[in-house]
Amino acid sequence: MRIDVLTIFPDYLAPLDLSLVGKARRSGLLDLAVHDLRDWTADRHRTVDDTPFGGGAGMVMRPDVWGEALDAVLADDDAGQPAVLLVPGPGGEVLTQRTAEELAGARRLVIACGRYEGIDARVAEHYATRPGVEVREISIGDYVLNGGEVAALVVIEAVARLLPGVVGNPESLVEESHGAAGLLEYPVYTKPPEWRGHAVPEVLTSGHHGKVARWRRDRALERTAARRPDLLARLAPDALDPADRRV
Ligand SMILES: Nc1cc(-c2cccs2)n[nH]1
């Protein structure tokens, strides 16, 4: 997968050199480039914004600069791959694990990080008509950030970890919260067996794999019912087996 990020704060994306995403880039599993939007400005001051038509506070990001940048980035591809143009914003579709799974299936993501009061609306309008480009505005939650860079980091991590080969044990993707099982994850423990008077649940040290699996499933169901009953309601009817019903 190829991901291009356009931003006026490239250093905000420095964490993408670290940990699993950094490893995926170095191993070639993920081709990720961060671009400084100001490289496509034409004036001495490298201006990317201007006052809003209709008045009001703040500044709006100029369509001409974004147009030059996006044309250049979209044109730079090996075989005319279709691209998803992601525009982070509080008014977008809220990112869920399902969205991340969908995006992980894309060949290319281009992420346009807005700042100020946002990007001129004609940019999204224009690229939505571009063959081979799908425009999606993405929110990472119902709160307001100062720019799209943090949202880009969240989207990239949620997507990159789903790419084959990025996480060591793909099985762990099934039982994590919001994973394929559709439940919250069960509680986990490691050594020492007793810590400050708290013992590890005996079943986990019994060596009885069937009982451990049942215990974990029960805890995941209990947690989901207590904290996120909405997730239980969404489960496919056949996702719960008779043994689950007793939780
Ligand atoms: N979820 C979310 C995204 C955002 C912003 C993206 C770009 C500017 S503000 N705020 N909240």
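Residues numbered from 1 in each chain as written. Predicted model: local features only at pLDDT ≥ 70, side-chain atom pairs only at ≥ 80, totals over all residues. Heavy atoms only, no water.

Please explain the site of the ligand as it appears in this structure.
Surveying the vicinity of the ligand reveals the residues Pro88, Gly89, Pro90, Gly114, Ser139, Ile140, Gly141, Tyr143, Val144, Leu145, Gly147 and Gly148. One of the backbone N or O atoms of Ile140 is found 2.9 Å from a nitrogen atom in the ligand. Here the ligand has 310 Å² of accessible area as a free molecule, and 93% of this is covered by the chains. If you tally residues by element for the shell around the ligand, the top one is strand β5 (residues 83–94), at 3 residues. Partitioning the shell around the ligand into residue classes produces 6 nonpolar, 6 polar and no charged. (Near = heavy atom within 4 Å. Polar contact = N/O pair within 3.5 Å; in protein donor to acceptor, adjacent residues only side chain to side chain. Areas by Shrake-Rupley, 256 points an atom, 1.4 Å probe, with all protein chains shown as cover. Helix = DSSP H or I, 4+ residues; strand = E, 2+ residues; numbered from the N terminus. Nonpolar A, V, L, I, M, F, W, Y, C, P; charged D, E, K, R; others polar.)

Is there a simple way to think about the pairing of strand β1 (residues 2–7) in this case?
Here is the key point about a regular strand: its side chains alternate between the two faces of the sheet. Burial analysis of β1 places 6 of its 6 residues in the buried class, the great majority of the element. In terms of strand pairing, β1 meets strand β2 (residues 31–36) through 6 bridges, oriented parallel. What sits directly across from Leu6, in β2, is His35. A crossover connection joins β1 to the parallel β2 through helix α1 (residues 19–27); in handedness this β-α-β unit is right-handed. (Buried < 20%, exposed > 50% of the residue type's maximum accessible area, 1.4 Å probe, protein only. Pairing = 2+ DSSP bridges. Right-handed = clockwise from strand over helix to strand, strands pointing away.)

Is there a simple way to think about the side chain of Gln97 in this case?
With respect to the helices and strands, the residue Gln97 is situated in helix α3 (residues 97–104). Since its relative accessible area comes to 18%, Gln97 is described here as buried. Sequence-distant contacts of Gln97, defined by excluding residues within four places in its chain, comprise Leu162, Glu176 and His178. (Contact = heavy atoms within 4.5 Å.)

Just checking my understanding: could you explain the pattern of salt bridges for this structure?
Working definition: two side chains of opposite charge can pair if their charged atoms are close together. The tally for this structure, following the rule as stated, stands at 21 salt bridges. Ionic contacts of the salt-bridge type, sharing partners, join the residues Arg214, Arg217, Asp218, Asp241 and Asp244 into one network. (Salt bridge = Lys/Arg side-chain N within 4 Å of Asp/Glu carboxyl O.)

Explain the domain arrangement of the protein chain here, please?
For interface size, the figure often reported is the accessible area lost on association. Partitioning the protein chain into domains gives domain 1 (2–160) and domain 2 (180–239). Put simply, the middle of domain 1 and the middle of domain 2, counted by C-alpha atoms, are 37 Å apart. (Domains from an automatic or database assignment.)

What am I meant to see in the packing of aromatic side chains here?
What characterises a pair of aromatic rings is the spacing of the ring centres plus the angle enclosed by the ring planes. Applying the stated rule across the entire model yields 2 aromatic pairs. Look at Phe9 and Tyr12: their rings are 6.5 Å apart centre to centre, the planes differ by 55 degrees, and that puts the pair in the tilted class. Residue classification places Tyr12 among the partly exposed positions, given a relative accessible area of 39%. (Phe/Tyr/Trp six-rings, centres within 6.5 Å; stacked < 30°, edge-to-face > 60°.)

What is the right way to look at unusual backbone geometry in this model?
The general pattern is negative phi for most residues beyond glycine and trans for most peptide bonds. Residue Lys191 is joined to Pro192 through a cis peptide bond whose omega torsion reads 5 degrees. One non-glycine residue with positive phi stands out, namely Arg46, at about 55 degrees. Mapping Arg46 onto the fold places it in the loop between β2 and β3 (49–50). A positive phi angle, close to 55 degrees, is found at Tyr116, a residue other than glycine. Position of Tyr116 among the secondary structure elements: in the loop between β6 (108–112) and α4 (121–128).

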